[in-house]
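This is what each chain is made of:
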Amino acid sequence: MSAVPRWALLSAAGAPLFLIGGWTLAQAAQPDGFDPVRQTISALAAADADQRWIMTVGLAGLGICHLATALGLVVAAPAGRGLLALGGLATLVLVAFPQHPGGGSTTHVVAAGVAFVALAVWPALAVPRRAASSLDRVRRDPPDGSAPRVRWTALAVTAALLGVLGWFAVEFFTDGARIGLTERLMAAAEAVVPLAAVLAALAFGRRPGPSAQR
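Here the structure is a predicted model, which is why all the values come from computation and not from measurement.

The rules behind the values
Residues numbered from 1 in each chain as written. Predicted model: local features only at pLDDT ≥ 70, side-chain atom pairs only at ≥ 80, totals over all residues. Heavy atoms only, no water. Core = buried A, V, L, I, M, F, W, Y, C linked by side-chain atoms within 4.5 Å. Buried < 20%, exposed > 50% of the residue type's maximum accessible area, 1.4 Å probe, protein only. Helix = DSSP H or I, 4+ residues; strand = E, 2+ residues; numbered from the N terminus. Phe/Tyr/Trp six-rings, centres within 6.5 Å; stacked < 30°, edge-to-face > 60°. Salt bridge = Lys/Arg side-chain N within 4 Å of Asp/Glu carboxyl O. Axes fitted to C-alpha atoms, helices over the stretch in contact; angles between N-to-C directions. Parallel < 35°, antiparallel > 145°, perpendicular 65-115°, else oblique. Contact = heavy atoms within 4.5 Å. Nonpolar A, V, L, I, M, F, W, Y, C, P; charged D, E, K, R; others polar. Left-handed = near helix turned anticlockwise from the far one by under 90°. Patch = residues over 30% accessible without salt bridge, like charges linked within 9 Å, V, L, I, M, F, W, Y side chains within 5 Å. Areas by Shrake-Rupley, 256 points an atom, 1.4 Å probe, with all protein chains shown as cover.

Draft legend 1. Looking closely at the nonpolar core. Membership of the largest hydrophobic core comes to 45 residues, with the highest contact counts inside it found for Leu 19, Met 55 and Leu 59. Residue assignment for this core shows that the elements contributing at least two residues are α1 (6–28), α2 (52–72), α3 (78–96), α4 (106–121), α6 (150–173) and α7 (179–206). With 10 residues, α7 is the single largest residue contributor to this core.

Draft legend 2. Representation of the packing of aromatic side chains. Counting across every chain of the model gives three aromatic pairs. With centroids separated by 5.5 Å and ring planes inclined at 65 degrees, the aromatic side chains of Phe 116 and Phe 168 adopt a geometry described as edge-to-face. You can see Phe 116 sitting in helix α4 and its partner Phe 168 sitting in helix α6, a full 52 residues away along the chain. Note on Phe 116: relative accessible area 11%, which makes it buried.

Draft legend 3. Inspection of the environment of Ala 96 at higher detail. For Ala 96, the location among the structural elements is in helix α3. Among the residues examined, Ala 96 registers a relative accessible area of 54% and is labelled exposed. Counting along the chain gives 40 residues from Ala 96 to Thr 56, while the straight-line C-alpha distance between them is 9.0 Å.

Draft legend 4. Region of interest: the pattern of salt bridges. In total, this model carries two salt bridges according to the counting rule given. Linking Arg 38 and Asp 175 is a salt bridge whose minimum nitrogen-to-oxygen distance equals 2.5 Å. Within this pair, whereas Arg 38 is found in the loop between α1 and α2, its partner Asp 175 is found in the loop between α6 and α7, the two being separated by 137 residues in sequence. Judged by its relative accessible area of 29%, Arg 38 is partly exposed. Put simply, Arg 178 and Glu 171 hold a salt bridge, and the shortest N to O gap is 3.6 Å. Judged by relative accessible area, which is 39%, Arg 178 ranks as partly exposed. Take Glu 171: its relative accessible area is 7%, and that puts it in the buried class.

Draft legend 5. The arrangement of the packing of α4 against α6 in detail. Across the interface, α4 lies against α6 with an axial gap of 8 Å and an inter-helix angle of 155 degrees. One way to sum up the angle between α4 and α6 is to call them roughly antiparallel. Together, Val 109, Phe 116, Val 117, Leu 119, Ala 120 and Val 121 of α4 and Thr 158, Leu 161, Leu 162, Leu 165, Phe 168 and Phe 172 of α6 make up the contact between the two elements. The class makeup of the residues in the contact of α4 with α6 is 11 nonpolar, one polar and no charged.

Draft legend 6. A look at the packing of α3 against α4. Contact pair α3 / α4: the axes reach a minimum separation of 8 Å and the direction vectors enclose 160 degrees. Taken together, the axes of α3 and α4 are roughly antiparallel relative to one another. The crossing of α3 and α4 is left-handed. For the pair α3 and α4, contact is made by Leu 83, Leu 84, Leu 86, Gly 87, Ala 90, Thr 91, Val 93 and Leu 94 and by Thr 107, His 108, Ala 111, Ala 112, Val 114, Ala 115, Ala 118, Leu 119 and Val 121, respectively.

Draft legend 7. Up close: unusual backbone geometry. For Gln 51, which is not a glycine, the phi torsion comes out positive at approximately 50 degrees. Mapped onto the fold, Gln 51 is located in the loop between α1 and α2. Its relative accessible area of 44% is what places Gln 51 among the partly exposed residues. For Asp 175, which is not glycine, the phi dihedral falls at a positive 55 degrees.

Draft legend 8. Examining a nonpolar patch on the surface more closely. Taken together, the side chains of Leu 67, Leu 86, Leu 89, Val 93, Phe 97, Val 110 and Val 114 make up a nonpolar region of the molecular surface, amounting to roughly 520 Å² of accessible area. Secondary-structure elements contributing two or more residues to the nonpolar patch are α3 and α4. For the nonpolar patch, the element with the most residues is α3, which contributes three residues. The residue Leu 89 is located in helix α3 in this model. For Leu 89, a relative accessible area of 46% corresponds to the partly exposed category.

Right under this line is the structure:
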């Protein structure tokens, strides 16, 4: 049996639901002319946004889900879980300090930056050293012919997330025409990764060990 509690699956699944459901409903509540490709998620929860409570609840739920998943993903290394929790906490901070009417907020921007970076990097630091050593031994003598490559997968996920984050940063600092699009791609990907990690942990925990397969 996996050491990951079942409720961690609920919190991990809740993250993309709160985020994507929040921005979908909030966008529908905006007046004509709102452009999700150009305008950010934060604009939907800004102090002067119509029905700002929708996106505020969505972002708050996202942050709480990340905190809960970090608590429940006990098979991950402390450094990775800590960064996932930091991403959730930073999300709650940016909710508490919304974007100002017609402009930005330094605290909001810094909190968003911390959240994006932490949620991009945590997978690379989530694989425990002892687990990696065990997986290396399994690769040399795989019981079922399909040895898991957890560390390389985690590194590849972080590399991909950092690539999208870099694209968003370019759009943000150059006031590009796709700020909203790249932010949504970034946020959605980072919201889905914890769910994938929990599902992988549950699936791996149900697999019989090498001795049980012989």
